[in-house]
Structure formats: C-alpha cells, structure tokens
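Here is how the chains run, residue by residue.
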Amino acid sequence: MDNSEVTKRISEIMMFPLAAKSLNVLSELGIADHLLSHSLAIDDLARRCEVDATILMNTLKVANVFGFFSIADNGLIDNNDSSLLLTSTNPDSMRHFCQLFGDEYYQAYQGMLNTCQTSESGFKHIYQQTLYQYLEQNPTRSLVYNLAMRDFSRPVGLALSRACADTFEQAGSVLDIGGGSGVIASQLVRAFPHLSASVLDRADVCEQCTPYLDACDNIEMIPGDFFQSIPSGYDVLVLKNVLHNWNNESCQRILKSIHASLGEGKLLVIEPLVESEEASPRLVFNALFQSVICEDGTYQRSEADMKALLTQCDLSLVSCTKLPTGHTVLELVKKI
Ligand SMILES: C[S@@+](CC[C@H](N)C(=O)[O-])C[C@H]1O[C@@H](n2cnc3c(N)ncnc32)[C@H](O)[C@@H]1O
C-alpha cells in the first residue's frame with residue numbers, strides 16, 4: 001500500500017465514528033419503523049421525526065455507504081433487507097443494540113486512554129459509576145440494554161438448543177443466571193416443552209423484562225444477586241455472557257455462589273472466547289471492548305484462561321463445544 005492509500009485509510013478510520021453514530025441516531029429516531037409499510041419522501045420523514053431534513057438525509061447517506069436503506073433518485077427513502085434489521089419488531093432486530101452501542105458504550109470509549117493507562121473501566125471513568133449502577137438509575141436506558149442483550153442472544157439460544165439437546169432433553173429444570181430478558185430461557189422451553197425454566201437477575205431487570213416474556217412460556221423471574229446466593233435444586237444452570245463482564249476476583253465470587261447451589265446438576269458456561277488462531281475482527285474488537293466497558297481489570301479470556309478459572313473454583317470440565325455463533329459452551333459439574 002502506498003502512502004496515499006494509507007492516508008485515505010487513516011481518514012476513513014477516523015471518520016468511522018460517524019458511521020456508528022449514524023446507525024445509532026437512525027435507530028433512536030426509529031427511521032426503519034417509520035418506513036415499515038411504505039417509502040417516504042425525506043421531508044415527510046424528517047417532519048415525522050421532528051428533525052432537519054438535510055441532516056437526516058446526510059445521516060441516511062452515511063448509513064447507505066454501508067448498505068442500509070434505499071435512497072431513490074427522486075428522493076424517496078425506503079427500507080432494504082439490511083435496514084429491516086433496524087426495525088423494532090423484526091425477530092432478528094439489532095435496533096436496541098445500535099441504540100446501546102452508539103450511545104452509552106460510545107461515550108464510554110472516551111475513557112479508553114484512561115483504561116490503557118490504569119486498566120480501569122472507561123465506562124466508570126466517564127460515568128463515575130459502573131454500568132449496572134448506571135442502568136439501575138436510568139430505567140429507560142436499562143430497557144434498551146436488556147432488549148439489546150435479547151437481540152444479541154437470540155441466535156445463541158437457538159444454537160445452544162441444538163448443540164446441547166441431550167443435556168436439555170435429560171433435564172427437568174433450568175436456571176439462567178444473569179439471564180436478563182429471559183430470551184435464552186424462552187428458547188429453551190420452546191425447544192424442550194417439558195422443561196421448567198427460571199431466570200435470576202437484578203430486581204429491576206426482572207420487573208422490567210417480565211412483560212416481554214411470552215406468558216405461554218411460563219418462565220419464573222427470580223430477583224437476586226449472584227454475588228450473594230443462587231437458588232438450588234435445578235438440573236442445569238446456564239451462565240451466558242456473564243463472566244466476561246467481570247475481573248477474575250469477581251468471577252471467583254460468582255462461581256463460589258454457583259458452586260454452593262449446583263448440587264448434582266450441570267453448569268453450562270457460554271462465552272465468546274478468543275483463540276489467537278481465530279482472531280476475527282469482531283472478537284479482536286470485543287477484547288478491547290470488555291476492558292473499556294466492564295469492571296476494572298477485566299480482560300478477554302481465551303479458552304485456556306476460562307478453563308483455568310473454572311477449575312480453580314472446584315468445577316470439573318465435562319465437555320467443551322463451539323457454537324456456530326462463535327461462543328464456546330463449557331459443561332461442568334462439581335469436582336468430587
Ligand atoms: C451481558 S448481560 C447477559 C444477559 C444474558 N445472559 C444474555 O446473554 O443475553 C449480563 C447480565 O448479568 C446481570 N447481572 C449483573 N449483575 C448481576 C448480579 N449482581 N446479580 C444477578 N444478575 C446480574 C445483568 O443485569 C445482565 O442481565
């Protein structure tokens with residue numbers, strides 16, 4: 001690559017925040033929802049959203065560079081297959097994800113220099129409180145967070161049902177620890193109707209997410225704190241995308257609570273782990289993301305790091321399975 005190409009690349013990279021922010025603003029405004037039933041002229045769309053038509057058009061053009069929305073020569077704006085994923089009701093929706101990543105997380109990246117210097121959370125540096133303290137005090141944004149996790153976890157729930165079918169077929173009950181909106185629990189009871197499922201999460205999450213559960217799924221939401229205690233008596237405990245939010249010391253405290261409740265049951269730890277030979281850009285970004293957004297001193301873990309952490313907590317590894325989503329499922333039982 002010659003210098004002029006590198007110069008172009010640098011200027012593109014430095015402008016990329018505008019691309020992420022454009023998807024965020026279009027998601028906050030619900031533009032894809034406005035276009036759900038028909039195309040609209042830019043002036044009409046801007047009027048409905050109470051924004052400046054020229055700036056909205058420029059925002060749409062940035063999104064369009066990345067393949068979102070269709071902009072006709074006559075100025076009519078419409079959804080295309082990509083922007084349909086920004087609608088609220090699409091089962092594969094990424095709208096809440098764009099709202100969360102392009103707002104709170106985006107602002108927290110301002111703390112990254114501090115994270116590099118101190119290994120402390122960039123989020124905490126900017127917001128002067130941890131992510132979960134912030135969410136507790138901001139119910140509207142907490143709902144965005146919970147729905148973003150739901151959007152993100154949907155494909156994993158399906159993959160998990162297929163990959164661990166034997167485990168769930170043989171089980172009668174499952175508890176999803178830090179299970180948020182209950183998306184994984186819902187998918188499990190649909191795939192295995194004999195299962196009874198519960199979700200343990202922070203009290204405000206349980207209250208907020210109960211209306212989003214399908215009543216037919218009959219899932220119990222249990223308000224609690226996984227650092228304090230976890231109810232026992234379940235055949236399978238699921239812990240998905242939880243440990244990566246915490247440093248080793250906090251993970252050990254969570255695993256101690258799990259150990260106390262596990263009995264004869266199985267624990268499934270599901271995490272996006274990195275291996276050096278499969279460093280996809282998304283996983284490379286994720287490693288940095290965890291240190292900036294999560295608790296002070298949190299680092300991305302490899303499969304070996306995770307196995308070491310789990311076995312230090314008196315758990316024995318039974319199996320290790322890769323999901324097509326890039327997550328690893330570690331099945332564990334209490335060490336005898
Ligand atoms: C990254 S989200 C993962 C949610 C869900 N497991 C999933 O994969 O979609 C982490 C979850 O841990 C929950 N959480 C954080 N601190 C908790 C605590 N002390 N006790 C119980 N749940 C907690 C959060 O509310 C959130 O739902």
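Residues numbered from 1 in each chain as written. Predicted model: local features only at pLDDT ≥ 70, side-chain atom pairs only at ≥ 80, totals over all residues.

**Quick word on the overall build of the chain**
Counting its secondary structure elements, the chain contains 16 helices and 10 strands. Its C-alpha atoms give the chain a radius of gyration of 21 Å, within 12% of the compact-globule value 20 Å for 336 residues. Taking all 336 residues of the chain together, the buried fraction comes to 37%. Look at the contacts in the chain between residues 6 or more apart in sequence, and 65% of them connect residues 24 or more apart. (Helix = DSSP H or I, 4+ residues; strand = E, 2+ residues; numbered from the N terminus. Rg over C-alpha atoms; globule rule 2.2 N^0.38 Å. Buried ≥ 20, exposed ≤ 12 C-beta atoms within 10 Å, placed from the backbone. Contact = placed C-beta atoms within 7 Å.)

**Notes on the sheet that holds strand β5 (residues 196–201)**
As summarised here, the arrangement of the 7 strands in space is β6-β5-β4-β7-β8-β10-β9, forming an open sheet in which the pairing is mixed. The open sheet has two edge strands with one neighbour each: β6 (220–223) and β9 (315–322). Looking at each pair of strands side by side, their axes are set apart by 20 degrees on average, direction ignored. Of the strands in this sheet, β4 (173–177), β5 and β7 (236–240) are in contact with helix α12 (residues 183–191), which crosses β5 at around 175 degrees. Contacting β8 (266–271), β9 and β10 (328–334), helix α16 (residues 303–312) runs over the sheet at an angle of about 155 degrees to β9. (Pairing = 2+ DSSP bridges. Axes fitted to C-alpha atoms, helices over the stretch in contact; angles between N-to-C directions.)

**So, the sheet that holds strand β2 (residues 70–71)**
Strand order in the open sheet formed by 3 strands is β1-β3-β2, with antiparallel pairing between adjacent strands. On the outer flanks of this sheet lie β1 (40–41) and β2, each paired with one strand and no other. Here β1 pairs with strand β3 (residues 76–78) via 2 bridges, running antiparallel. Bridge pairing in β3 links L40 to I77.

**As for the domain arrangement of the chain**
Along its sequence, the chain is carved into domain 1 (3–90) and domain 2 (152–274 + 294–334). When each unit is reduced to the centre of its C-alpha atoms, the spacing between domain 1 and domain 2 is 36 Å. (Domains from an automatic or database assignment.)

**What about the site of the ligand?**
Taken together, 18 residues form the shell around the ligand, and within it M149, S153, G178, G180 and N241 come nearest. Of all elements in the fold, only α10 (139–163) and β5 reach the threshold of two or more residues within the shell around the ligand. Per-class residue counts for the shell around the ligand are 8 nonpolar, 6 polar and 4 charged. (Near = placed C-beta within 6 Å. Nonpolar A, V, L, I, M, F, W, Y, C, P; charged D, E, K, R; others polar.)

**Topic: helix α1 (residues 3–29)**
With 27 residues, α1 ought to run about 39 Å at 1.5 Å a step, and its terminal C-alpha atoms sit 39 Å apart, in line with that. Buried within α1 are the following residues: S22, L23, N24, V25, L26 and S27. Where α1 is buried, its residues meet α2 (31–34), α4 (53–65), α5 (95–101) and α6 (104–108). Of the residues flanking the end of α1, it is G30, one or two places downstream, whose phi is positive at about 65 degrees. (Expected span 1.5 Å × (residues − 1).)

**Considering the packing of α10 against α12**
Axis angle and axis distance: for two packed helices, these are the angle between their axes and the distance between the axes, and together they describe the pair. Here α10 crosses α12 at 30 degrees, and the two axes come no closer than 8 Å. The chirality of how α10 crosses α12 is right-handed. Contacts between α10 and α12 involve R150, S153, R154, G157, L158, L160 and S161 on the former and, on the latter, V183, I184, Q187, L188 and A191. Its residues placed into classes, the contact of α10 with α12 shows 6 nonpolar, 4 polar and 2 charged. (Left-handed = near helix turned anticlockwise from the far one by under 90°.)

**Concerning the packing of α1 against α4**
The interhelical angle for the contact between α1 and α4, taken along N-to-C directions, is 115 degrees, at an axis separation of 9 Å. Viewed along their axes, α1 and α4 form a crossing whose handedness is left-handed. Where α1 abuts α4, its residues L18, A19, S22, L23, V25 and L26 lie against T59, V62 and A63. Taken together, the residues of the contact of α1 with α4 break down into 7 nonpolar, 2 polar and no charged.

**Observations regarding the environment of N79**
For N79, the position within the fold is in the loop between β3 and α5. Beyond its immediate chain neighbours, meaning those up to four positions away, N79 contacts A32, L35, F69 and L84.

**Observations concerning the pairing of β9**
By the bridge criterion, 7 bridges tie β9 to β10 in an arrangement that is antiparallel. In the strand pairing of β10, S319 is matched with E331. If you look at the hairpin formed by β9 and β10, you'll find 5 residues sitting between the two strands, and G326 has a positive phi there, around 95 degrees.

**So, unusual backbone geometry**
Only a minority of non-glycine residues have a phi that is not negative, and only a minority of peptide bonds are not trans. Residues other than glycine seldom take positive phi values, yet F69 does so here, at roughly 70 degrees. Tracing the backbone through its elements, the reader meets F69 in the loop between α4 and β2. F69 gets classed as buried once you count the C-beta atoms within 10 Å, which come to 23. Phi at Q128 is positive, roughly 60 degrees, even though this residue is not glycine. Within the secondary structure, Q128 sits in the loop between α8 (122–127) and α9 (131–137).

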